[in-house]
Amino acid sequence: MQNGNIHFFNTLTHQKEKFVSIEPGKVKMYTCGPTVYDYIHIGNLRAFLFEDIVRRWLEYRGFQVTQVMNVTDVDDRTIKASKALGIPIKQHTECFIKAFFEDIEALNIEKADYYPKATEHIPEMVALVKKLLEKGYAYRGEDNSVYFAISKFKDYGKLARIQVGDLKAGARVKVDEYAKEEASDFVVWKAWDKDDGDVFWVTEIGKGRPGWHIECSAMSMKYLGETFDIHCGGVDNMFPHHENEIAQSEAATGKKFVNYWLHNEHLLVEGKKMAKRLHNYYTLKDLMAKGYDPMAIRYLMMSAHYGQQINFTFEGLEAARKTLERLTNFVNRLLETNGKPAGDKINQLNEGVQKGFEAAMDDDLNVSVALAHLFDFVRDVNNLLDNGEVSKEEGKGICDLMSKFDKVLGVIGQVKEKEKLSKEAEELINRREDARKNKDWKTADQIRDQLKTMGIVIEDTAQGIRWRIEKD
Ligand SMILES: [Zn+2]
């Protein structure tokens, strides 16, 4: 089966490569999910949106995708945060798991097939640690924790491209997060200590809890097999998290862990790295509470290439909202058109935009170029519509094409859904129609004004009345 000609930039090889799945027509894909110690911020959401586009594009090209996104509900941060509040860790994380699902739904992110929780996969993690101990890749420290010996794994550093000097051998790190410069033996199983409180499991390898990195190795391989196609994540997780995932998994199985590693770049807010102390730190709920449309947020965050930093600004958000309005108005015009057939002109435009859009997306998901093709197309078709061209049938054909693109973009359908009129507005529009038929212009105008105060603009056209929702 031929599934297009997709090329991805593979972090592992530092090259753009043609994507070939292990099993024809099927893709197995893992994405590092949220650490549920707090509300996720829009930087996290950029990663989930990028992964959504990866998945949607593979599906557009006919692949059947199995996606796993883990939920980290036990690690250093979740323990620290629940302790600070003095509540059980489960109670703490459940609240943020719920919030996470609300966010991805609001952004129209397709659901993964599995959302495994770390706390529900402790036996799998223990089995993996045992294997590493048996094979001599891991050892027990004097604190009774188990560490991965990076000197035993000759490929250590291949993903993040770091050289591990001899001096580093034997140095140990017990925390989940650390910098490249601190590369050293990392913890795979943390022996209980008093800071962990009541967070521990009594297992064959002792009383304790898993290290963060082993969680993803165990859960990804359980659902996707020892070797799978794609692993995605934010660039900030490349080291140490993904590097350690490779080391643990490949040391345990002796097989290649993942064929394609895809990393998205950071999101900046108003040109700066997001930080609470800079007051430029936002969750989706913050933005929605300020009245911003999640579809505009989705559009803004996915419209740049994932490999580039994106600058999130309120000006950009406003521009995104207007762009979506243009797209929706375009679709509305197409639904109503009844002009003279444009024939070959339309066929050529349809063919051109599809070719351009697909080639750009196949080229390492170049969304910005794909969108440029789309907007050239919108402009050209709008020109035809202005000239009274585009028949009803042609309009429908273009709408179908737009829906096809929107399966990937995931924005127009959502906007249109929300634009459904309220019952009240619908009745008013009908009453106004009756008034016009009876040449009762006064009532018709009154109703028009009333609708205007509800944010609904009525236009009388040769084809009948048209309405649109005005957001300003
Ligand atoms: Zn992970």
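Residues numbered from 1 in each chain as written. Predicted model: local features only at pLDDT ≥ 70, side-chain atom pairs only at ≥ 80, totals over all residues. Heavy atoms only, no water.

## Some points on the sheet that holds strand S15 (residues 310–312)
Strand order across the open sheet formed by 3 strands is S14-S13-S15, with mixed pairing between neighbours. With one partner strand each, in any of the chains shown, strand S14 (272–273) and S15 form the two edges of the open sheet. Pairing of strand S13 (residues 267–269) with S14, which is carried by 2 bridges, proceeds in the antiparallel orientation. Counted as the bridge partner of Val-269 is Lys-272 from S14. Relative to the sheet, helix H8 (residues 294–302) contacts S13 and S15, its axis offset from that of S15 by approximately 150°. (Pairing = 2+ DSSP bridges. Helix = DSSP H or I, 4+ residues; strand = E, 2+ residues; numbered from the N terminus. Contact = heavy atoms within 4.5 Å. Axes fitted to C-alpha atoms, helices over the stretch in contact; angles between N-to-C directions.)

## So, helix H3 (residues 89–106)
In a regular helix each residue adds 1.5 Å, so 18 residues correspond to 26 Å; H3 covers 26 Å between its end C-alpha atoms and thus fits that length. Along H3, the residues classified as buried are Ile-89, His-92, Thr-93, Phe-96, Ile-97, Ala-99, Phe-100, Asp-103 and Ile-104. Residues of H3 that are buried in the fold lie against helix H1 (42–60), strand S4 (64–69), helix H2 (76–85) and helix H7 (284–289). Looking one or two places after H3, you find Asn-108, whose phi comes out positive at around 55°. (Expected span 1.5 Å × (residues − 1). Buried < 20%, exposed > 50% of the residue type's maximum accessible area, 1.4 Å probe, protein only.)

## Looking at the layout of surface pockets
A volume near 920 Å³ is recorded for the largest pocket. Elements with a minimum of two residues in the lining of the largest pocket: H1, helix H5 (212–224), strand S11 (228–234) and helix H6 (238–253). Top contributing element to the lining of the largest pocket by residue count: H1, with 4 residues. Its residues assigned to classes, the lining of the largest pocket comprises 16 nonpolar, 12 polar and 7 charged. If you add up the space inside the second largest pocket, you get close to 240 Å³. Asp-76, Lys-190, Asp-195, Asp-196 and Arg-209 are, among the 13 residues lining the second largest pocket, the residues nearest its centre. For the lining of the second largest pocket, the elements supplying multiple residues, two or more each, are H2 and strand S8 (185–191). Top contributing element to the lining of the second largest pocket by residue count: H2, with 5 residues. (1 Å grid on protein atoms, 1.4 Å probe; cavity = no way out; pocket = protein on both sides within 12 Å on 5 of 7 lines; lining within 4 Å. Points joined across faces, edges and corners; volume = space filled by probe spheres on them. Nonpolar A, V, L, I, M, F, W, Y, C, P; charged D, E, K, R; others polar.)

## Considering the pattern of salt bridges
Under the defined criterion, the tally for this structure stands at 39 salt bridges. For the salt bridge of Asp-52 with Arg-56, the shortest nitrogen-to-oxygen distance reads 2.9 Å. Taken as a pair, Asp-52 and Arg-56 lie in helix H1 at a separation of 4 residues, close to a single helical turn. Arg-61 is the partner of Glu-358 in a salt bridge, and the nearest nitrogen-oxygen pair spans 3.7 Å. You can see Glu-358 sitting in helix H10 (residues 344–362) and its partner Arg-61 sitting in the loop between H1 and S4, a full 297 residues away along the chain. Residue Glu-358 is classed as buried on the basis of its relative accessible area, which comes to 14%. (Salt bridge = Lys/Arg side-chain N within 4 Å of Asp/Glu carboxyl O.)

## Quick word on the pairing of strand S12 (residues 258–264)
Here is the key point about a regular strand: its side chains alternate between the two faces of the sheet. Burial within S12 is extensive, with 7 of its 7 residues counted as buried. The pairing of S11 with S12 spans 6 bridges and is parallel. Opposite Phe-228, over in S12, you have Val-258 as the bridge partner. Remark: the S11/H6/S12 crossover connection has right-handed handedness. (Right-handed = clockwise from strand over helix to strand, strands pointing away.)

## Topic: the sheet that holds S4
With parallel pairing, 4 strands are arranged side by side in an open sheet as S4-S3-S11-S12. Looking at which strands have only one partner, the edges of the open sheet turn out to be S4 and S12. Each strand axis lies, on average, 20° off the axis of its neighbour in the sheet, ignoring direction. Direction of pairing for strand S3 (residues 26–31) relative to S11: parallel, over a ladder of 3 bridges. When the sheet's bridge partners are listed, Tyr-30 is paired in S11 with His-231.

## Quick notes on the nonpolar core
Generally speaking, soluble globular proteins have nonpolar side chains that are buried together. Leu-58, Ile-230 and Phe-312 are the most contacted members of the largest nonpolar core, which totals 78 residues. If sequence neighbours within four positions are ignored, Leu-58 has contacts with Ile-6, Phe-8, Phe-19, Val-27, Met-29, Phe-63, Val-65 and Ile-230. Of all hydrophobic cores here, the second largest spans 47 residues; its members include Val-74, Val-188, Phe-239 and Phe-257. (Core = buried A, V, L, I, M, F, W, Y, C linked by side-chain atoms within 4.5 Å.)

By themselves these figures say nothing about function.
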